[in-house]
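Tertiary structure, described
The residues making up each chain are set out below.
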Amino acid sequence: HIGEKAFNECGQLSSFLIPDAVVAIGEGAFENCRSLTSMVIPDSVTSIGWSAFNYCTSLKSIALLNSITSINECTFYWCYALKSIIIPVSVTSICRGAFQGCSSLSSIEIPNSVRKIENDAFRECSKLSTVTLFNSVTEIGDYAFCGCRSLQSIVIPDSVESIGSNGFDGCSSLVSVVLS
């Protein structure tokens, strides 16, 4: 286990190897590690605490493996250098503010295991131009894609039962929305 805030504010930490024996990453464990550029989360990790990578402003890529079931609240909050992430098929929910402020993220594929995209999940992801949703998503929360200024089109699948208030507010490039 990597404990709560274990490496919080380690501003010069640029790399970190998580051994296979680790099963949990605590809340805020790598928060404000502004020099951290990439990380691979091994299959042994089943839980990542909220705000674990909050303000890791140099983090460009992260690999999550199939043991994670939820991307918790504010996990990658304001990781504005984050360009790519693969969300594994084991994930069933993307929690509040999980990717908020990830302004370099240009595309995201929500796997067909995800049921819920919570409030502010992708808020202010200003370069996000491609979002792929599958028929498993039932709920898109308030402000979920608010401020995604590069998003041009989206297909809302049959499975979506509700889109929260301001779900796509500020998506100034949006020209096509397909509702089933």
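Residues numbered from 1 in each chain as written. Predicted model: local features only at pLDDT ≥ 70, side-chain atom pairs only at ≥ 80, totals over all residues. Heavy atoms only, no water.

1. Considerations on the environment of Ser 47
- In this fold, Ser 47 is placed in strand β3 (residues 47-48).
- Between the alpha carbons of Ser 47 and His 1 there is a distance of 9.7 Å; along the sequence they are 46 residues apart.
- With near-sequence residues (within four places) excluded, Ser 47 lies in contact with Val 23, Ala 24, Ile 25 and Ile 68. (Helix = DSSP H or I, 4+ residues; strand = E, 2+ residues; numbered from the N terminus. Contact = heavy atoms within 4.5 Å.)

2. Describing the packing of aromatic side chains
- For the structure on display, the rule yields eleven aromatic pairs.
- Between Phe 30 and Phe 53, the aromatic rings sit 5.4 Å apart at their centres with planes inclined by 5 degrees, giving stacked as the arrangement. Here Phe 53 lies in the loop between β3 and β4 (61-64) and Phe 30 lies in the loop between β1 (24-25) and β2 (38-41), a separation of 23 residues in the sequence.
- By relative accessible area, which is 0% here, Phe 30 ends up buried.
- A residue is classified by how much of its surface remains accessible, and Phe 53, at 0% relative accessible area, is buried.
- What links up through ring pairs into an aromatic cluster is the set Phe 7, Phe 16, Phe 30, Phe 53, Phe 76, Phe 99, Phe 122, Phe 145 and Phe 168. (Phe/Tyr/Trp six-rings, centres within 6.5 Å; stacked < 30°, edge-to-face > 60°. Buried < 20%, exposed > 50% of the residue type's maximum accessible area, 1.4 Å probe, protein only.)

Nothing here speaks to function; it is all geometry.
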